[in-house]
Amino acid sequence: MATSASAKLNKAVKQKYMDLPQGDQVQVMYIWIDGTGEGLRCKTRTLDSEPKSIEELPEWNFDGSSTYQSEGSNSDMYLIPVSMFRDPFRKDPNKLVLCEVLKYNYKPAETNLRMSCKKVMNMVEDQVPWFGMEQEYTLLATDGHPFGWPSNGFPGPQGPYYCGVGADRAYGRDIVEAHYRACLYAGVQICGTNAEVMPAQWEFQVGPCEGINMGDHLWVARFILHRVCEDFGVVASLDPKPIPGNWNGAGCHTNVSTKAMREEGGLKFIEDAIEKLGKRHDYHIRAYDPKGGLDNARRLTGRHETSNIHEFSAGVANRGASIRIPRAVGQEKKGYFEDRRPSANCDPYGVTEAIIRTCLLNEEGKEPVDYSK
């Protein structure tokens, strides 16, 4: 199996240097979303003391012409720290910092969906929206071949791999365990993990998170996943259909509730939200992957536990529907609903903003309302 050259370096040699004292100075890794809307970039700076809050972190800049975010003639982009986590790779007191990206004129970059999402979340904070997102991903060798699959052929058909145990069923558990522990150390609100239906496919769940925290925590969890995979010499793919044919795709099912939905009689508010979502299906499909629905078209076929991309559906305990109401919610008449349409490579800011716009701000039509006017 093809692994990266970096993974073959002697990690014990590196550890000698990582064990050196760093005095009072702190390494802070700034993380941002690049111009693809999917890729993550990072770079590190030294601070003279450990930052205790996001306000203590300075703005920074980078060359946007090398990240698909600007032209070379006007390439400076600004990094604005928005959320801080412990660094599980360099350990305390070092930090990971998620940043928004602003252009030279201090307007949000095209793939900075956080600013708009934050504005919308602030409008409905009295309704206390909670989200939980289920991030599926596929482990690949550096040549793009699924991790652990035969070099010339396919593993046995789907069936024994979901939540499977054993060397012939669970492919790459070491990576999953390392990622889980690193997220817990960092302070990411990761709440679970499991092997998925296709071999070498896994899922982790983040939440419940209130408002803008959903996007912040999922993006940092993704960064940690890619960084852990880098150490192991493999690739984590968020492609919604990495292997064509009779294999499950990868989604990012999004669980949603508000204060009213969680209280007695909340099922009525859940059903109202689902009715609104049904009237705006095309808008949500465009918001649920970075290519405006083209990526999801390969996944949402009506097969392999998905709905058809052209049709809206909802049902209790139905994993072939656009929206699933969990059976326990149907019985207790309160709780949450699950939107199963977002793709694995979705932007959680775009997904959660779209849901709030439709379900709580009662927007209609094919385009979002501009609240800045």
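Everything numeric in this text was worked out from a predicted model, so none of it was measured. (Residues numbered from 1 in each chain as written. Predicted model: local features only at pLDDT ≥ 70, side-chain atom pairs only at ≥ 80, totals over all residues. Heavy atoms only, no water.)

### Structural notes on the packing of helix α3 (residues 173–186) against helix α4 (residues 213–232)
In step 1: Running from N to C, α3 and α4 cross one another at 135°; their axes reach a closest spacing of 9 Å. When the interaxial angle is binned, α3 and α4 end up oblique. The two elements α3 and α4 cross, and the hand of that crossing is right-handed. For the pair formed by α3 and α4, the contact residues are Asp174, Ile175, Ala178, His179, Ala182, Cys183 and Ala186 on the first element and Ala221, Ile224, Leu225, Val228, Cys229 and Phe232 on the second. (Axes fitted to C-alpha atoms, helices over the stretch in contact; angles between N-to-C directions. Helix = DSSP H or I, 4+ residues; strand = E, 2+ residues; numbered from the N terminus. Parallel < 35°, antiparallel > 145°, perpendicular 65-115°, else oblique. Left-handed = near helix turned anticlockwise from the far one by under 90°. Contact = heavy atoms within 4.5 Å.)

### Digging into the pattern of salt bridges
In step 1: All told, the structure shown has 23 salt bridges when counted by the stated rule.
In step 2: Its salt-bridge partner being arginine 114, residue glutamate 100 comes within 3.0 Å of it at the nearest N-O pair. Placement of the pair is glutamate 100 in strand β5 (residues 95–102) and arginine 114 in helix α2 (residues 114–123), with a sequence separation of 14 residues.
In step 3: Since its relative accessible area comes to 8%, glutamate 100 is described here as buried.
In step 4: By relative accessible area, arginine 114 is classed as buried at 8%.
In step 5: Through salt bridges with shared partners, a single network forms among Glu38, Asp239, Lys291, Asp295 and Arg298. (Salt bridge = Lys/Arg side-chain N within 4 Å of Asp/Glu carboxyl O. Buried < 20%, exposed > 50% of the residue type's maximum accessible area, 1.4 Å probe, protein only.)

### Quick word on the sheet that holds β5
In step 1: In space, the 5 strands of this open sheet follow the order β2-β1-β5-β4-β3, with mixed pairing throughout. Sheet topology places β2 (40–47) and β3 (60–63) at the edges, where each strand pairs with a single neighbour. This sheet shows a mean twist of 40° between the axes of neighbouring strands, independent of strand direction.
In step 2: Of the strand pairs in this sheet, strand β1 (residues 26–33) and β5 are connected by 4 bridges, and their pairing is parallel. Residue pairing in the sheet places isoleucine 31 in a bridge with leucine 98 of β5. (Pairing = 2+ DSSP bridges.)

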